[in-house]
Amino acid sequence: MTINDNADYPLYANKSTQADVKLMPDTDSTDDVSSVLEEILPSFHMHNDVFYKTILDNSNENEEDDDANLPEYTSDVETMIEGNDSNDREIGDPINNPSLILLNNVDKLPRVNVNVSIKVVLTKKQPRIGELPEKESPLVEYGPGDKVTGYVLVKSNNKEPVRFESFHVSLEGVVKVPKIQADSTKKILSYPFLIMHDLNASYHEGHIPMTAYGEDRVLQADPTDNSLIGFKNRTIVPNLTHKKFFTFRLPYNLLDTTCPDNISEHLNLLPSYGLDEEISRLIEVNRNVDPALKYRRFENLPDSPILVNDLAPNGQSISYFIKVQIVGRTSIVKKVKAQIPKDVSSRYSIFNVKKCYLRVKASREGLTNNLINAMSDGAIINSYRTCEQIAYFEEYVIKSLQRLKTRAQLITAGIKDKVKQDEYIASLESDETKKAKHLNKTTNLNQNIIRCNNHYYLNHDKVEISKDIFGRSGGSIYIKASMPSDSHINSIKSHLLHGKSENRPIMNRNYSLPLSHTTSNSTLALSSVRSSPNFNESADQDVQFIELDLQYRGKLGRFELPSSININSVIKAVNVSSVNCIPFNIDGEFLMDDQLHAHVLPSLRANFKTYGDEVDMLRDRKVLVGKELRNSIEAIKNLTIVETPVSKVEFSPEVVDLTKEWRYEEETKCYKASIRVPLELNSKLLRRSSVHLLPTFESCLVSQFYLVYFTLSIKKSKKYITFKFPIKVV
């Protein structure tokens, strides 16, 4: 198994500094100066030094560690300006060549062991010099708008000072999806969708006092642990501990550049999901969660994410972490007598990288409609059904391929001037007599079948009632089932996982220990946790409804009206994913299609595989095919939709008495009945479920929806009818 941590890095990333992500002001009236989120507007030089340093930069290569003195900020800028015309530096243009940026190449750099350790500690509030901070519980779930605070400890156990080139502290969100390759091996593709840098926590040539941290000078000692605040001259002092504070605020939604197609449904903040493959490879085979706690922690990996049963397929994950990375020049490694890997020719090496995972919940609870609309401003809000979006996109692909084929023919004929090619193609398309007589056959998506009106999802079916032993004839029942399109159930999780601002549900503090610790050393505490009257209670759930319109037509002779109908249900999680950004959003009507798995999806993938083959042939003929078109075709070609039953989460069975509901209608000569059946989750089963039911979410690469399958059986009928309806988890 291989890891590709840089797949389409510039395309699917949401890079920002703290100034970019403060979408809402701090409205907590209890905040004092220690909890203010201060913004740093970087100077041109600071921005270039932190973010635009290139792998070709040799500006500091000849500086000696002990001779380097921190220059005055103004003089440093003047030196930079004066040296603009110098040809002594091998500095590539990072704007035109983002592949040269050091930050974009960190995962490709060789790792060397320079004996420098990094520790990341999350805290409840912004830490301050001289105050012992309270550590955050590992069971906390951060939500949109929450501040993520803490500090980083860096210690060198070398006898000599270690000089680095870049020290970055960031909060990152990454989606990982598996791709089955031609040789049947699995490759994990990694797509960052959120990257936030704390400029104060990262190193830059300058010093900005932060009011919130009580900081006023570099290398000031923190009396709580005798650590040194910050670094001087890019140097880690031997046998001492350096400390840097960090503060991030999670955004309410992602930048519109995150989705190449700018679809509003793909721009919401995503929840933590699955288990990062990077961690999964390090843990033991047993990955079952504790059925009582409904989560699992890994004692041997203290900074690893918490494992919950959120029904994520193997290899898929959405992860958030604080990332600290130290990059230095390979030439420095010899000075600290560290061993350099063989065949290392890179100018830079990774001295150390540390990730501290955190859980994020993507609930938008408490947001006003005005704020949600403001956050979605500029994004495309689709009013078209999914089947219409796919049909439109497929037509666009076919026409694009026709133009590219024409261009290939013109190149073969010797017309290589692009302007002349464009003129000929335009004249060809404008002339009706020269147009292609027919387009390629597109996917049949059953667009004429309407499964949803403005407020309800709809289903129809028919049941035959057989003749009974008393000679009474049977008949036919036509069933129209409908369910409100806003039907929902509340998310379900362990009560021990709590939001940033929520109070802990159980006063005993032992619940925050790893499971093995709790089991071996705190048996009494664990039993009290498991037997807590609040622990197994599910979240309050609203009653949902399914509406049934029945029409009975009896056969000639004596017949008896059906007396009852039984309703059972199963809830399934629907995972939608692909290896590239899906160019449309998914609606409930698309998931309701009875032919989705048997016909629609296989046909769709087969058609786009054909389009992908045509693209490959065009590229072999040296025809330029746009990257976005290629990626979108690849996304639909590899589109997967997997349904997984949600264990022990279902509505209670219902038996509906029909004897008093039938009404004869003279006009249609048939009996009719309309019933509205209330539905409640089975609380007894729910208490025994270890499932962590995430709220419904959608993104370019990975989405999770939910369907409820209702099985209807009518007395005297040998046929069971199954209706499926989308249901939202909130």
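None of the values given here were measured: they were computed from a predicted structure.

(A) Highlighting helix α13 (residues 627-637). Along α13, the residues classified as buried are Leu629, Asn631, Ser632, Ile633, Glu634, Ala635 and Ile636. Next to the buried residues of α13 lie β7 (166-180), α7 (386-412) and α12 (596-620).

(B) Region of interest: the sheet that holds strand β17 (residues 475-484). Taken in spatial order, the five strands line up as β16-β17-β20-β25-β24 in an open sheet, and their pairing is antiparallel. This sheet does not close on itself; its edge strands, each paired only once, are β16 (456-465) and β24 (663-665). With strand direction ignored, the average angle separating the axes of adjacent strands in the sheet is 25°. Relative to β17, β16 runs antiparallel, the two sharing ten bridges. Residue pairing for β17: Lys462 is matched across the bridge by Tyr478.

(C) Structural context of the pattern of salt bridges. A complete count under the given rule lists 25 salt bridges for this structure. With a closest N to O distance of 3.8 Å, Glu165 and Lys53 form a salt bridge. Placement of Glu165 in the loop between β6 (162-163) and β7 and of Lys53 in the loop between α2 (44-51) and α3 (73-82) is noted, with a sequence separation of 112 residues between them. For the pair Glu165 and Lys53, one class covers both residues: buried. Put simply, Glu464 and Lys462 hold a salt bridge, and the shortest N to O gap is 3.3 Å. Classification of Glu464 by relative accessible area gives partly exposed; the value is 40%. In the salt-bridge network here, residues are joined through shared partners; they are Lys176, Asp276, Glu278 and Lys355.

(D) Representation of the side chain of Gln544 within the structure. By the secondary structure assignment, Gln544 is in strand β20 (residues 544-554). A polar contact is formed between the side chain of Gln544 and the backbone oxygen of His488, at a distance of 2.7 Å. Discounting residues that sit within four places of it in the chain, Gln544 has contacts with Ser487, His488, Phe651, Val677, Pro678 and Leu679.

(E) Structural view of α7. Between its first and last C-alpha atoms α7 spans 39 Å; for 27 residues at 1.5 Å apiece the expected length is 39 Å, and the two agree. Positive phi appears at Gly414, one or two residues downstream of α7, with a value of about 100°.

(F) Fine view of the packing of aromatic side chains. Under the counting rule described, the total for this entry stands at 15 aromatic pairs. On the basis of an interplanar angle of 40° and a centroid distance of 5.9 Å, the ring pair of Phe246 and Phe248 is categorised as tilted. An angle of 45° between the planes, with centres 6.0 Å apart, marks the rings of Phe393 and Tyr396 as tilted. Placement of the pair is Phe393 and Tyr396 together in helix α7, with a separation of three residues, close to one helical turn. Aromatic ring contacts, followed pair by pair, group Phe164, Phe167, Tyr203 and Phe231 into a single cluster. Positioned above the aromatic ring of Tyr151, the side-chain terminus of Lys243 is 4.9 Å from the ring centre. Positioned over the ring face of Phe545 is Arg676, at 3.8 Å from the centre of the ring.

What counts, and at which threshold
- In this numbering scheme, every chain counts its residues from 1 along its sequence in written order.
- Confidence filtering applies because this is a predicted model: local features only for residues at pLDDT of at least 70, side-chain atom pairs given and counted only at 80 or more, and all residues used for totals across whole chains, interfaces and linings.
- Computation of side-chain values covers all heavy atoms of the structure but excludes hydrogens and water.
- Three exposure classes are used, based on accessible area relative to the maximum for each residue type with a 1.4 Å probe and protein chains only: buried under 20%, partly exposed in between, and exposed over 50%.
- Every helix listed is a DSSP run of H or I at least four residues long, and every strand listed is a run of E at least two residues long, numbered separately from the N terminus.
- The contact criterion used throughout is that any non-hydrogen atoms of two residues lie within 4.5 Å.
- For two strands to pair, DSSP has to find at least two bridges joining them.
- Helix axes are fitted to C-alpha atoms over the stretch in contact, other axes to C-alpha atoms as well, and angles between N-to-C directions run from 0 to 180 degrees.
- What makes a salt bridge here is a side-chain nitrogen of Lys or Arg within 4 Å of a carboxyl oxygen of Asp or Glu, nothing more.
- Whenever two N or O atoms come within 3.5 Å, that pair is a polar contact, provided that in protein one can donate a hydrogen and the other can accept it, and provided that, for residues adjacent in sequence, both atoms are side-chain atoms.
- By definition here, a helix of n residues has an expected span of 1.5 Å times n minus one.
- Aromatic contacts are taken between Phe, Tyr and Trp rings whose centres are within 6.5 Å, Trp giving its six-membered ring; a plane angle under 30 degrees counts as stacked, one over 60 as edge-to-face, and the others as tilted.
- By the criterion adopted, a ring carries a charge over it if an Arg CZ or a Lys NZ lies within 6 Å of its centre and within 35 degrees of its normal.

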